[in-house]
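What the coordinates show
The lines below spell out each chain.
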Amino acid sequence: MRILEIREKAVPIKSSISNAYIDFTKMTASIVAIVTDVVKNGKRVIGYGFNSNGRYAPSGILRERFIPRLLDAEPNDYLNEEGTNLDPHKIWDILMTGEKPGGHGERSVAVGTLDMAVWDAVAKIEEKPLYQLLAERYSGEQPDDKVFVYAAGGYYQPGKGYKELQNEMQGYLDLGYSVVKMKIGNSLEEDLRRIEAVLEVVPSGQSLAVDANGRFDLETAIKYAEALEPYNLFWYEEAGDPLDYELQAELSKHYKNPMATGENLFSMQDARNLIRYGGMRSDRDYLQFDCALSYGLVEYMRILEMLKEYGWSPRRCIPHGGHQMSLNIAAGLGLGGNESYPGVFEPFGGFADHIPVENGYVGLPDVPGIGFETKAPLIKLLRTLAN
């Protein structure tokens, strides 16, 4: 077998929403298709992928470096030993040939996008859901039949007042979510009023997480921590710059409740530095590394191995991104859950159209691959690459 073609296109995910750092009015994403010569059930196997939200489409480096690098390789260089399927680990090595260590930037996003398409193709060729394939190959246990998901929303938006924020959060509860998340970071006084408004709707502070998107310096992060602690929130997320491990470590001395960070760390080495120097607590804190932004599942498995060495359970990992790739990883490798974006970042956010969220958990579709085919708006967009 062999790869016949790799196609890429940048598409918009425009929205009027914003967090404490950026707005999303000009946000884009890359979608990719890896076309193989394998035919299953009368259809050619095509693996699809896309980059997660929060980073722009890495079209340039995909087209100039990574796609040509893979297409120039001989099939024996990227196939498994039997020659019957793609080998994601060999492909990762090919993609990173000639790349110096460090300085991850958008490179990690480009590789993560291709890696997603590779795994989709691998599972389709095996005619198994990706979560089942991962459980069989790597965990040695049965995959989880459902995954905890929380609803990420509460963005700043023109004309959005307290009532609109409350209605949004009530809508997530009505959809079956047990935990919701909102943005903070504009001002402490205003954010406390917004939090109080949401707490009138949700059952308790344990049903609410807050996310500062790296906005604060240490002094501000501590002021927020002191004000937030009495609410007993689900977590306090990404208070400071993601690479400021000293800030995170100091903050942990001032905030006893759970914290979360990691969505903007894009390699095993950066994740390891967070564990070594960031004061993260394995008994209560959460790690949010997103495979689609951080060199893909191949690198994510290295992160999980590192975490094991430092005494962390994979159940403390709840990836950022709200996409089906992380949902499969969560079920197949025993993570603690996955983010969800109901009605946001469409068509990339959300899971199978026909599987509801119940009591904060969502099931997984029994279809080969990652499951994009079960989400009609998403697969319609991805198949524009196959025409």
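See above for the structure.
Quick notes on the rules
- Residues numbered from 1 in each chain as written.
- Predicted model: local features only at pLDDT ≥ 70, side-chain atom pairs only at ≥ 80, totals over all residues.
- Heavy atoms only, no water.
- Helix = DSSP H or I, 4+ residues; strand = E, 2+ residues; numbered from the N terminus.
- Rg over C-alpha atoms; globule rule 2.2 N^0.38 Å.
- Contact = heavy atoms within 4.5 Å.
- Areas by Shrake-Rupley, 256 points an atom, 1.4 Å probe, with all protein chains shown as cover.
- Lys, Arg positive; Asp, Glu negative; His and termini not counted.
- Charge placed at Lys NZ, Arg CZ, Asp CG, Glu CD.
- Axes fitted to C-alpha atoms, helices over the stretch in contact; angles between N-to-C directions.
- Parallel < 35°, antiparallel > 145°, perpendicular 65-115°, else oblique.
- Left-handed = near helix turned anticlockwise from the far one by under 90°.
- Salt bridge = Lys/Arg side-chain N within 4 Å of Asp/Glu carboxyl O.
- Buried < 20%, exposed > 50% of the residue type's maximum accessible area, 1.4 Å probe, protein only.
- Expected span 1.5 Å × (residues − 1).
- Core = buried A, V, L, I, M, F, W, Y, C linked by side-chain atoms within 4.5 Å.
- 1 Å grid on protein atoms, 1.4 Å probe; cavity = no way out; pocket = protein on both sides within 12 Å on 5 of 7 lines; lining within 4 Å.
- Points joined across faces, edges and corners; volume = space filled by probe spheres on them.
- Nonpolar A, V, L, I, M, F, W, Y, C, P; charged D, E, K, R; others polar.

**Observations regarding the overall build of the protein**
When helices and strands are counted, the protein shows 13 helices and twelve strands. A compact globule built from 387 residues would reach a C-alpha radius of gyration of about 21 Å, and the protein, at 20 Å, matches this within 12%. Seen through its C-alpha atoms, the protein measures out along the principal axes to roughly 60 × 40 × 40 Å. Considering only contacts in the protein between residues 6 or more positions apart, those separated by 24 or more positions represent 72%. Only carbon and sulfur atoms are counted for the fraction: they give 47% of the accessible area of the protein, which is about 15400 Å². Distance between charge centroids for the protein: 3 Å, based on 40 positive and 55 negative side chains.

**Regarding the packing of helix H1 (residues 59–71) against helix H4 (residues 107–126)**
Close contact between H1 and H4 brings their axes to 10 Å; oriented N to C, the two are set at 60°. As judged from the angle between their axes, H1 and H4 are oblique. Along this stretch, H1 crosses H4, giving a crossing that reads as right-handed. Two secondary-structure elements touch here, H1 through Ile61, Leu62, Arg65, Phe66 and Ile67 and H4 through Arg107, Ala110, Val111 and Leu114.

**Focus: the pattern of salt bridges**
Considering all chains together, one arrives at 25 salt bridges under this definition. Measuring nitrogen to oxygen at the nearest pair gives 3.0 Å for the salt bridge that ties Glu99 to Arg107. Since its relative accessible area comes to 17%, Glu99 is described here as buried. Classification of Arg107 as buried rests on a relative accessible area of 9%. The shortest N-O distance in the salt bridge between Glu219 and Lys223 comes to 3.5 Å. Placement of both Glu219 and Lys223 in helix H8 (residues 218–228) is noted, with a separation of four residues, approximately one turn of the helix. Look at Glu219 and you get exposed, because its relative accessible area is 52%. What makes Lys223 partly exposed here is its relative accessible area of 45%. Residues joined in a network through salt bridges with shared partners are Lys181, Lys183, Asp211, Glu237 and Glu339.

**Describing H4**
With 20 residues, H4 should reach 28 Å at 1.5 Å per residue; the first-to-last C-alpha distance of 29 Å fits that figure. The element H4 is extensively covered by neighbouring structure, given that 19 of its 20 residues are classed as buried. Two residues or fewer past H4, Glu127 is found with a positive phi of approximately 60°.

**A word on the nonpolar core**
Generally speaking, a soluble globular protein has its nonpolar side chains buried in company with each other. Of all hydrophobic cores here, the largest spans 135 residues; its most connected members are Leu228, Tyr236 and Leu307. Beyond its immediate chain neighbours, meaning those up to four positions away, Tyr236 contacts Ile184, Val210, Phe216, Ala221, Tyr224, Ala225, Leu228, Leu251, Tyr255, Pro258, Met259 and Ala260.

**A look at unusual backbone geometry**
Here the residue pair Glu346 and Pro347 is connected by a cis peptide bond, since its omega of 5° sits within 30 degrees of zero. Topologically, Pro347 is positioned in the loop between strand E10 (338–340) and strand E11 (357–358). With a phi close to 55°, Asn232 is a non-glycine residue in the positive phi region. Here Asn232 shows up in the loop between H8 and strand E7 (235–237).

**Considering empty space enclosed by the protein**
Under the definition given, this model contains three cavities of 30 Å³ or more. Taken together, Ile13, Ala29, Phe50, Asn51, Ser52, Asn53, Gly321, His323, Phe345, Phe348 and Gly349 form the lining of the largest cavity. Looking at side-chain class alone, the lining of the largest cavity contains five nonpolar, six polar and no charged residues.

**Some remarks on the environment of Cys291**
Relative to the helices and strands, Cys291 resides in the loop between strand E9 (286–287) and helix H11 (296–309). Accessibility expressed as a relative area gives 2% for Cys291, which makes it buried. In the structure, Cys291 is positioned 207 residues away from Thr84 in sequence and 25 Å away in space, judged by C-alpha atoms. With sequence-adjacent residues up to four places away left out, Cys291 is seen in contact with Gly112, Gly296, Leu297, Tyr300, His323, Met325, Ser326 and Ile329.

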